[in-house]
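# Observations on the model geometry
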Amino acid sequence: TQLLEQSPQFLSIQEGENLTVYCNSSSVFSSLQWYRQEPGEGPVLLVTVVTGGEVKKLKRLTFQFGDARKDSSLHITAAQPGDTGLYLCAGGRGSSNTGKLIFGQGTTLQVKP
Amino acid sequence: DAGITQSPRHKVTETGTPVTLRCHQTENHRYMYWYRQDPGHGLRLIHYSYGVKDTDKGEVSDGYSVSRSKTEDFLLTLESATSSQTSVYFCAISAAGGHTEAFFGQGTRLTVV
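The paragraphs below set out a description of the structure included in this document.

All names here are of chain A. Among the structural elements, Ser25 can be located in the loop between strand S3 (19-24) and strand S4 (31-37). The class for Ser25 is buried, based on a relative accessible area of 16%. From its side chain, Ser25 meets the backbone oxygen of Leu3 in a polar contact 2.9 Å long. At 2.9 Å, the side chain of Ser25 forms a polar contact with the backbone nitrogen of Ser27.

Put into structure tokens, the structure is as follows:
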């Protein structure tokens, strides 16, 4: 059972379209992170959200943390082929002493020119 | 780039043999993680460490053991490799656990035949 459920798992769109990826859980997380992974590489952090209701923007990417800190979304405006990749959300669990980090199953995004 | 090195990068082994993967860091980060990545499952946590000799199980720990005798090294051992353990294994490090950025190694592709 995946603690963090991402949807959709696959997304294929045309350049210029907008999209939203969701990350949901029945559990509360102390923080949510979004990573992007390219083939043959490890994931790289895009953003961390820590406060319920928080919204962060990174150029054409907008990240939101739900008020109850159980869900998050990633919105991409005017997608470009360079946005193609695997997007992963990750949640911090437990006390700061144990630092468990759990990932969702990922969303594979393909942006066609 | 964060100083994190996984070895070996590729390995083919036979069913029933023990296998050890090594993760080495030069960042002096407290937390270290082992994940496996399989299609449709994102990154699943195998074991993690929150200090020297302090380790805990993740979501998919059966058949795996870990050791951390010094800050810089975190070893993952497959006690008796099975075909279901064919996967890409990623090591990650972070300074302050699940609330801060995790840096990933390049991954180890393990094939059990």
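Interface size is often expressed as the accessible area that is lost when the parts come together. At the interface, 25 residues of chain B touch 28 residues of chain A. Both faces combined, the contact of chain B with chain A buries some 2100 Å², and carbon together with sulfur accounts for 49% of it. There are zero salt bridges connecting chain B and chain A. There are four residue pairs in polar contact (both at pLDDT 80 or more) connecting chain B and chain A. Elements supplying a minimum of two residues to the side of chain B that touches chain A: strand S4 (31-38) and strand S5 (42-51) of chain B. Among the elements that line the side of chain B that touches chain A, the one with the most residues is S5(B), at five residues. Of the residues contributing to the side of chain B that touches chain A, the split by class is ten nonpolar, eleven polar and four charged.

Within the fold, Leu88(A) resides in strand S9 (residues 85-93). Between the alpha carbons of Leu88(A) and Gly106(A) there is a distance of 4.5 Å; along the sequence they are 18 residues apart.

All names here are of chain A. Spatially, the five strands line up as an open sheet ordered S1-S3-S8-S7-S6, and their pairing is antiparallel. Here the strands that pair on one side only, and so sit at the sheet edges, are strand S1 (5-7) and strand S6 (55-58). Put simply, the sheet's adjacent strands are angled 15° from each other on average, direction ignored. As defined by bridge partners, S6 adjoins strand S7 (residues 61-65) across four bridges and the pair is classed as antiparallel. Considered in S7, the bridge of Lys56 is made with Phe63.

What follows deals with the pairing of strand S1 (residues 4-7) of chain B. All names here are of chain B. A one-sided burial pattern is seen for S1, the buried positions being Ile4 and Gln6 and the unburied ones Thr5 and Ser7. Here S1 runs beside strand S3 (residues 19-25); their pairing, made up of four bridges, is antiparallel. Looking at S3, one finds that Ser7 is bridged to Arg22.

Let us look at the layout of surface pockets. Roughly 540 Å³ of volume is contained in the largest pocket. Along the walls of the largest pocket sit 27 residues, with Gln37(A), Leu86(A), Gln37(B), Val88(B) and Arg109(B) positioned nearest its centre. Of all the elements in the fold, those that place two or more residues in the lining of the largest pocket are S9 of chain A together with S4, strand S9 (87-94) and strand S11 (108-112) of chain B. Its residues assigned to classes, the lining of the largest pocket shows six nonpolar, 16 polar and five charged.

Rules used in this analysis
Residues numbered from 1 in each chain as written. Chains lettered and ligands numbered in written order. Predicted model: local features only at pLDDT ≥ 70, side-chain atom pairs only at ≥ 80, totals over all residues. Heavy atoms only, no water. Helix = DSSP H or I, 4+ residues; strand = E, 2+ residues; numbered from the N terminus. Buried < 20%, exposed > 50% of the residue type's maximum accessible area, 1.4 Å probe, protein only. Polar contact = N/O pair within 3.5 Å; in protein donor to acceptor, adjacent residues only side chain to side chain. Contact = heavy atoms within 4.5 Å. Buried area = accessible area lost by both parts, 1.4 Å probe. Salt bridge = Lys/Arg side-chain N within 4 Å of Asp/Glu carboxyl O. Nonpolar A, V, L, I, M, F, W, Y, C, P; charged D, E, K, R; others polar. Pairing = 2+ DSSP bridges. Axes fitted to C-alpha atoms, helices over the stretch in contact; angles between N-to-C directions. 1 Å grid on protein atoms, 1.4 Å probe; cavity = no way out; pocket = protein on both sides within 12 Å on 5 of 7 lines; lining within 4 Å. Points joined across faces, edges and corners; volume = space filled by probe spheres on them.

Don't take any of this as a statement about function, it's just geometry.
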